[in-house]
Amino acid sequence: MPERKIYITEFDKARLEKLIAAAEESDGHERKDLDSLAGELDKAEIVSPKDIPPDVVTMNSKVVLRDLNTSEKMAYVLVFPGDANIDTGAISVLAPVGTAILGYAKGDVVEWTVPSGIRRIRIEEVLYQPEAAGHFDL
């Protein structure tokens, strides 16, 4: 699959970099989830919150995803680890699916490796994006 350009706001990038630094400092060892998130930040185009396209998944966005292997639809809010609660659909940016969707847009297909093979999901809809709603401090 060709690599797509992803977009992350300056505000989200700063907060995510602080999250990575704090976790690395407290854990003191390599973590695959932090490495994956850092890799996404490295390849992202960083934009002003006011310039992010309204269909891009940013932190605190609510999205509908479709598993392309099972056709199952799921709705999630992409959150920081302390706010994660799978029972309410709040998924951490450090979870594989959270890292995978960050910065991608409606219609994009994202893939990541799981123990049973490759998982593929499509971003069906961005139901809420803080920046599009004028909420620049979430």
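Preceding this section is the structure that the text describes.
## Points about the environment of aspartate 42
Mapped onto the elements, aspartate 42 comes out in helix H2 (residues 32-43). Taking C-alpha positions, aspartate 42 is 9.8 Å from lysine 13, a pair spaced 29 residues apart along the chain.

## Observations concerning the nonpolar core
A general tendency of soluble globular proteins is for nonpolar side chains to be buried together. The biggest cluster of nonpolar side chains holds 31 residues, and the ones touching the most others in it are Leu16, Leu65, Val93 and Ile101. Mapped onto this core, the elements with two or more residues apiece are helix H1 (10-27), H2, strand E3 (62-67), strand E4 (73-79), helix H3 (96-101), strand E6 (109-114) and strand E7 (117-128). Among the elements that make up this core, the one with the highest residue count is H1 (four residues). Setting aside residues up to four positions removed in sequence, valine 93 forms contacts with Leu16, Leu19, Leu37, Met59, Leu78, Val79, Pro81, Gly98, Thr99 and Leu102.

## Quick look at unusual backbone geometry
A positive phi angle is found at asparagine 60, which is not glycine, with a value near 70°. Looking at the secondary structure, you find asparagine 60 in the loop between strand E2 (45-47) and E3. A residue is classified by how much of its surface remains accessible, and asparagine 60, at 17% relative accessible area, is buried. Unlike most non-glycine residues, serine 71 shows phi in positive territory, near 70°.

## Structural notes on H2
Counted at 1.5 Å a residue, the expected span for H2 with its 12 residues is 16 Å, and the 17 Å between its end C-alpha atoms agrees. Burial in H2 covers these residues: Leu34, Leu37, Glu40 and Leu41. Mapping the buried residues of H2 onto a view down its axis gives an arc of 125°, with all of them on the same face. Turned more than 90 degrees off the buried face of H2, the exposed positions are Lys32 and Asp42.

## Quick word on the sheet that holds E3
Ordered by their spatial adjacency, five strands build an open sheet running E5-E4-E3-E7-E6, and the pairing between neighbours is mixed. What marks the edges here is a single partner per strand, and that holds for strand E5 (90-92) and E6. Going from strand to strand, the sheet's axes swing by 45° on average, the running direction of each strand aside. Pairing of E3 with E4, which is carried by five bridges, proceeds in the antiparallel orientation.

## Topic: the pattern of salt bridges
A complete count under the given rule lists nine salt bridges for this structure. The salt bridge partner of glutamate 40 is lysine 43, with a shortest N-O separation of 3.2 Å. Of this pair, glutamate 40 and lysine 43 are both found in helix H2, three residues apart, which corresponds to roughly one turn of the helix. Put simply, arginine 119 and aspartate 67 hold a salt bridge, and the shortest N to O gap is 2.9 Å. Highlighted residues: arginine 119 in strand E7 and aspartate 67 in strand E3, separated in sequence by 52 residues. Note on arginine 119: relative accessible area 26%, which makes it partly exposed. When salt bridges that share partners are traced, they join Arg66, Arg122 and Glu124 into one network.

Conventions adopted
Residues numbered from 1 in each chain as written. Predicted model: local features only at pLDDT ≥ 70, side-chain atom pairs only at ≥ 80, totals over all residues. Heavy atoms only, no water. Helix = DSSP H or I, 4+ residues; strand = E, 2+ residues; numbered from the N terminus. Core = buried A, V, L, I, M, F, W, Y, C linked by side-chain atoms within 4.5 Å. Buried < 20%, exposed > 50% of the residue type's maximum accessible area, 1.4 Å probe, protein only. Contact = heavy atoms within 4.5 Å. Expected span 1.5 Å × (residues − 1). Arc of directions from axis to C-beta. Pairing = 2+ DSSP bridges. Axes fitted to C-alpha atoms, helices over the stretch in contact; angles between N-to-C directions. Salt bridge = Lys/Arg side-chain N within 4 Å of Asp/Glu carboxyl O.

From the geometry alone we can't say anything about function, so treat these as descriptive.
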